[in-house]
Amino acid sequence: MASSNTRMIQMMVWVKIAVLQKTYLLTGYAMSTMITYLTSVWKLNLTGAAAVVNVYAGAVAVMPLGMLFVVDTVIGNYWLIILSSCAYTMGFFLLTMSTPPVLYRETGTCGAYEAECIGKVQKILFYTALTLIALGASGRFMVRAFREEQLIKPLLEGAKKMKFFALSVCPKKVRLLSFQILVSTLVLGTTAYLKPWSLRFGFPAIFTLLATITLLTSTIRPHKAQRNLFTREEIRSILRMSPICIFLIPIGVVSSLGNTYFTEQASKMNHRVGSLKVSVLFLIVPRSLMRKWFSQSKYCANKIITPRIGISLSMALAILCCITAALVENRRLGVVKRHGLLNKPDETVPMTMFWLLPQFLLVGGVSGLSEKCIALFYTDVVLHWPKIEKDVDIQAKDKPNSKEQNIKSPMEQANETLKPTEKNDEDPNQAKQETKSTEKDGEGHIDPERAEQKSKRQYIEFFVDALEGMGNIGSVVLVYVVGEIKPTWFQETVNRSHLDNYYWTLAALTAANLILFIPVIFYLLRSKKFTALFA
């Protein structure tokens, strides 16, 4: 009986967490079309709408780093998930109320989706909603840690429970996962074809409300916060690599194109495939899948491609993405001019939106590959370099009369320690068993040291997301500077603008960034003078 109750509790917890994750997928799509809402309904100019979206995206990416510290030191994962879900729900309801048809009688405005129907109340509701949604979206990054805390960690306490989980929970989990995919496809498909913006925002609001109520009425037990801080040596290693961040922010600038200018271009193009009219979702989903595929690539995880090479490749992909976008946009503007659509922003450009598919795939690849490789690079810096530095210091003390060149720098030792070896070709099942054995101590409990390292890796992942967020915010500054120098490149509408010139400029800046990055990352970090800067 106890076993049956345990099984039921575990399944209910898994279902509720899964519902929460799929809700984030739905709301993510709603926010990905925000630039179209701002340009078509609010009639904001192109750069203004892109600035709103990029600042929002930047805040969503930067805030989790601070939230993780609050989770580890104050409230724990459970209460943060509850608070963020409530903020998410309230934000989407306010966003729905900010659309013209909802409160136009109470505010004395009109109910049409036009700029003159956006009054002061609607603007206050809109920006308040964006703030709450950003807070809620920042909390979604804790869902994976929350799932492990509620499901994986308790089941790792003993071998019998692990066997129970493998035999009883996993088969049902597979069936539920298939059901989730089906439901997600139907829900996203329905949302994509909803024309009124009040319904596009209202639909996610209802789902987030249901997910929050489900979470609040669950049997989930909150865990106490555990303080995990970096050591002095690890902080030194992080500071030593701080100059590298300057070269990584431009990757985020290119990644920001996917939710702004690319989406705005697609919204004005032909969406038909034969007689069937499709949504921009058919470009957004492949971009997300490409990002996920690159971020989970085994070549980076096994270090077949080293982190430094992976970061360089992501910059090369960013250059290719900008070049592709410039060529396609030049072609699109040619079609606009031939059909006399320069001053007709609401007219559909007779050119299929699938011309944009290559650049959507490339921008997804840039985000995924950079995210994975930068995280691996900083993981090596934080978790491995301090240990290697201790060995270097011991070598220096043991051999005070030895020549300086015989003592290798931490980067050189890290290259030897972390380079691909024959172990990558070992049986993956054996590797998994070895990993599980190291996660536990002799009594079958999770190793505290390994749990602490896992927590530090999570900080590093959020730090990488924050770098991309800084790139989103940096793109606002870059567009402003370029707009001041070349005012004709950014006009009121996408048809009158010259985004192709901006893409060429971004490609040139990214190429220059790559040229400067290669000697720094491959040669300068080997220098003992550089490694001694933050000693």
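Within each chain, residues carry numbers counting from 1 in the order of the written sequence. Local features in a predicted model are, by the rule used here, given only for residues with pLDDT of at least 70; side-chain atom pairs are given and counted only at 80 or more, and totals for whole chains, interfaces and linings are based on all residues. Remark: hydrogens and water are excluded; side-chain values derive from all non-hydrogen atoms of the structure.

### Comments concerning the overall build of the chain
Logical step 1: Counting from the N terminus, the helices are DSSP H or I runs at least four residues long and the strands are E runs at least two residues long. A tally of helices and strands in the chain yields 20 helices and four strands.
Logical step 2: Only protein chains enter the accessibility calculation, which uses a 1.4 Å probe; a residue is then buried when its area is under 20% of its type maximum, exposed when over 50%, and partly exposed in between. Looking at the chain as a whole, 47% of its 535 residues qualify as buried.
Logical step 3: Whether two residues are in contact is decided by their heavy atoms, any of which lying within 4.5 Å being enough. At a minimum sequence separation of 6, the contacts of the chain that also span at least 24 residues come to 84%.
Logical step 4: Note that accessible areas follow from Shrake-Rupley with a 1.4 Å probe, and for residues the cover is restricted to the protein chains shown. By element, 63% of the accessible surface of the chain is carried by carbon and sulfur atoms, the whole surface being about 26300 Å².

### Let's talk about the packing of aromatic side chains
Logical step 1: When two rings of Phe, Tyr or Trp (its six-membered ring) have centres within 6.5 Å they constitute a pair, described as stacked for plane angles under 30 degrees, edge-to-face for angles over 60, and tilted for the intermediate range. Taken as a whole, this structure holds 19 aromatic pairs when the rule is applied.
Logical step 2: Measuring from ring centre to ring centre gives 5.8 Å for Phe262 and Tyr503, while their planes differ by 75°; the resulting arrangement is edge-to-face. With Phe262 in helix α11 (residues 261–267) and Tyr503 in helix α19 (residues 499–522), the pair connects residues that are 241 residues apart, well separated along the chain. Of the two residues, Phe262 and Tyr503, neither departs from the other in class, the shared state being buried.
Logical step 3: Among the aromatic residues, those joined into a cluster by ring pairs are Tyr37, Trp42, Phe126, Tyr127, Trp197 and Phe201.
Logical step 4: Counting as a charge over the ring demands two things of the Lys NZ or Arg CZ atom: a distance within 6 Å of the ring centre and an angle within 35 degrees of the ring normal. Of note, Arg200 hangs over the ring of Trp197, and the distance from its end group to the ring centre comes to 4.3 Å.

### What about unusual backbone geometry?
Logical step 1: A positive phi angle, close to 60°, is found at Lys43, a residue other than glycine.
Logical step 2: Structurally, Lys43 can be placed in the loop between α2 (34–40) and α3 (46–97).

### Considering the pattern of salt bridges
Logical step 1: We define a salt bridge as a side-chain nitrogen of Lys or Arg found within 4 Å of a carboxyl oxygen belonging to Asp or Glu. Applying the stated criterion across every chain yields a total of three salt bridges.
Logical step 2: The partner of Arg291 in a salt bridge is Glu371, with the nearest N and O atoms 3.0 Å apart. Of this pair, Arg291 sits in helix α12 (residues 281–295) while Glu371 is found in helix α15 (residues 357–398), placing the two residues 80 residues apart along the sequence.
Logical step 3: What makes Arg291 partly exposed here is its relative accessible area of 28%.
Logical step 4: Classification of Glu371 as partly exposed rests on a relative accessible area of 24%.
Logical step 5: The residue Glu329 makes a salt bridge to Arg332 at a minimum N-O spacing of 2.8 Å. Placement of the pair is Glu329 and Arg332 together in helix α14 (residues 307–338), with a separation of three residues, close to one helical turn. Arg332 carries the same exposure label as Glu329, and that label is buried.

### Focus on a nonpolar patch on the surface
Logical step 1: Residues enter a patch when their relative accessible area is above 30% and they make no salt bridge; the linking distance is 9 Å between like charges and 5 Å between nonpolar side chains (Val, Leu, Ile, Met, Phe, Trp, Tyr). A contiguous nonpolar patch, built from Phe93, Ile206, Leu209, Leu210 and Ile213 and spanning about 410 Å² of accessible area, is present on the exposed surface.
Logical step 2: With four residues, helix α8 (residues 197–216) is the largest single contributor of residues to the nonpolar patch.
Logical step 3: Counting through the fold element by element, Ile213 comes out in helix α8.
Logical step 4: Assessed through its relative accessible area of 43%, Ile213 is described here as partly exposed.

### Some details on α12
Think of an α-helix as 3.6 residues a turn; residues three or four steps apart then line up on the same face.
Logical step 1: Here α12 is 15 residues long and its end C-alpha atoms lie 21 Å apart, about the 21 Å a rise of 1.5 Å per residue gives.
Logical step 2: Here α12 has its buried residues at Leu281, Leu283, Ile284, Arg287, Phe294 and Ser295. In an axial view of α12, the angular spread of the buried residues amounts to 165°, which keeps them on one side of the axis. With respect to the buried face of α12, the exposed residues turned more than 90 degrees away are Leu289 and Trp293. Between the first and last residue of a helix there are one fewer steps than residues, each counted as 1.5 Å, and that sum is the expected span. Read the arc as the range of directions from the helix axis to the C-beta atoms.

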